[in-house]
Amino acid sequence: MNAKKIVGEKAVDFIQDGMIVGLGTGSTVYYSLLKLGRQLEAGLSIQGIPTSVQTKELAEKLRIPLIGFEDVNEIDLTIDGADEVDRNLNLIKGGGGALVREKIIAKASKRFIVVADPSKMVNTLGAFPLPVEVVPFGAQLTEKHIKKLNGEPRLRQSNGTPYLTDNGNYIFDCTFLDITKPFELEIALNSIPGVVDNGLFNGMADVVITVDNGEPIFLD
Ligand code: 5RP
């Protein structure tokens, strides 16, 4: 079985009847959503909060009941993927462009479960370019500030035009070489005017599910 399927499906074991569940974005969480859809058909009852338009559409197709923020104080559990996971369970996220909504929902969750196939596990973050979401206004200026932090930003493109997030913003995918101080970098980036947020999810994951010898393992 492929590793994304193993970890994606395993995470669904954390979901209990009656929970409000944050629904992450990406090809790993895809397997969580498929399994959740099957469990709902079998009688499980939950309400989901999607982290992207893509996930909302998939959830609707799978008849996963969705709930709005106005009706929620706290999210019981969120399952989401990652692009990199370091030894301290700090993450790079946002490869799929959903980092802002993902961080809002992860932050509001009592438990944040991350599903990561072994290719995502690293000693030090940074081989995967760090996504930074910026408002389009003055993006060239914002880019210059990112460069001052020793990042090499590249504007994400889609069909030859700037990629737009679900929030109508741009993403700079930034090469930082090794990210040895992820907490400092997260704060420094978010202090730049025009930056909405960045894909560093430091100290947020409660459990990371990955695979060893074909079996799911839990890191916490
Ligand atoms: C989307 C994300 C995804 O969780 C991350 O890119 C991992 O995706 P995949 O499971 O497809 O490898 O952060 O913004």
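What you see is a predicted model; the values in this text were computed from it and never measured.

S.K.: Give a detailed account of the pairing of strand 7 (residues 130–134), specifying residues and quantitative values.
M.R.: The buried fraction of strand 7 is high, at 5 of 5 residues. Burial of the side chains of strand 7 extends over both faces: Leu 130, Val 132 and Val 134 are buried on one face and Pro 131 and Glu 133 on the other. Bridge count for strand 7 against strand 11 (residues 170–175) is 5 bridges, and the pairing is antiparallel. Across the sheet, residue Pro 131 finds its bridge partner in strand 11, namely Asp 173. Bridging between strand 7 and strand 12 (residues 195–198) involves 3 bridges; their strand directions are antiparallel. Considered in strand 12, the bridge of Val 132 is made with Asn 198.

S.K.: Would you mind going over the environment of Arg 101 in detail, with residue names and values included?
M.R.: Mapped onto the secondary structure, Arg 101 falls in helix 4 (residues 99–107). Overall, Arg 101 belongs to the buried group, with 23 C-beta atoms counted inside 10 Å. Between the C-alpha atoms of Arg 101 and Ala 116, which are 15 residues apart in sequence, the distance is 19 Å. Filtering out sequence-adjacent residues up to four positions away, Arg 101 remains in contact with Thr 51, Ser 52 and Asp 166.

S.K.: Describe in detail the nonpolar core, supporting the description with residues and values.
M.R.: Counting residues in each nonpolar core, the largest one holds 47 residues, and the members touching the most others are Ile 113, Val 114, Val 115 and Val 132. Residues in contact with Ile 113, not counting those within four places in the same chain, are Ala 11, Phe 14, Leu 77, Thr 78, Ile 79, Asp 206, Val 207 and Ile 209.

S.K.: Break down the environment of Ala 59 for me, with residues and values.
M.R.: Take Ala 59: it is sitting in helix 3 (residues 53–61). Taking the C-alpha atoms as reference, Ala 59 lies 9.5 Å from Leu 36; in sequence the two are 23 residues apart. Setting aside anything within four residues of it in sequence, one finds Ala 59 in contact with Leu 23, Leu 33, Gly 48, Pro 50, Ile 64 and Leu 66.

S.K.: Explain the site of the ligand to me, and be specific about the residues and the numbers.
M.R.: Not every one of the 17 residues close to the ligand is listed here, only the nearest: Gly 26, Thr 28, Gly 81, Gly 95 and Gly 96. Elements supplying a minimum of two residues to the shell around the ligand: strand 3 (75–81) and helix 4. Class assignment of the residues belonging to the shell around the ligand gives a composition of 3 nonpolar, 10 polar and 4 charged.

S.K.: Lay out the sheet that holds strand 8 (residues 152–155) in plain terms, naming residues and giving numbers.
M.R.: Taken together, 4 strands build an open sheet; the order of strands is 8-11-7-12 and the sheet is antiparallel. Every interior strand has two partners, whereas the edge strands, strand 8 and strand 12, have only one. Ignoring which end each strand starts from, the neighbouring axes of this sheet average 30 degrees apart. In this fold helix 4 packs onto strand 7 and strand 12, with an angle of close to 65 degrees to the strand it touches most, strand 12. Across the sheet, helix 5 (residues 139–148) is in contact with strand 7, strand 8, strand 11 and strand 12; its angle to strand 11 comes to roughly 20 degrees.

S.K.: Give me the lowdown on unusual backbone geometry, citing residues and values where you can.
M.R.: Non-glycine residue Asn 159 carries a positive phi angle of around 50 degrees. Structurally, Asn 159 is set in the loop between strand 9 (157–158) and strand 10 (161–162). With 5 C-beta atoms counted inside 10 Å, the residue Asn 159 sits in the exposed group. Residue Asn 213 is not a glycine yet carries a positive backbone phi of 50 degrees. Taking the number of C-beta atoms within 10 Å as the measure of exposure, Asn 213 has 5 and is therefore exposed.

S.K.: Please set out the packing of helix 1 (residues 3–11) against helix 2 (residues 29–41) residue by residue, giving values where relevant.
M.R.: Direction vectors running N to C along helix 1 and helix 2 enclose 50 degrees, while the axes themselves pass 7 Å from each other. As summarised for this structure, helix 1 and helix 2 are arranged oblique, according to the angle between their axes. Read as a crossing pair, helix 1 and helix 2 show a hand that is right-handed. Between helix 1, through Lys 4, Lys 5, Gly 8, Glu 9 and Ala 11, and helix 2, the contact on the second element is made entirely by Val 29, Tyr 30, Tyr 31, Ser 32 and Lys 35. Taken together, the residues of the contact of helix 1 with helix 2 break down into 4 nonpolar, 2 polar and 4 charged.

What counts and how
Residues numbered from 1 in each chain as written. Predicted model: local features only at pLDDT ≥ 70, side-chain atom pairs only at ≥ 80, totals over all residues. Buried ≥ 20, exposed ≤ 12 C-beta atoms within 10 Å, placed from the backbone. Helix = DSSP H or I, 4+ residues; strand = E, 2+ residues; numbered from the N terminus. Pairing = 2+ DSSP bridges. Contact = placed C-beta atoms within 7 Å. Core = buried A, V, L, I, M, F, W, Y, C linked by C-beta atoms within 7 Å. Near = placed C-beta within 6 Å. Nonpolar A, V, L, I, M, F, W, Y, C, P; charged D, E, K, R; others polar. Axes fitted to C-alpha atoms, helices over the stretch in contact; angles between N-to-C directions. Parallel < 35°, antiparallel > 145°, perpendicular 65-115°, else oblique. Left-handed = near helix turned anticlockwise from the far one by under 90°.

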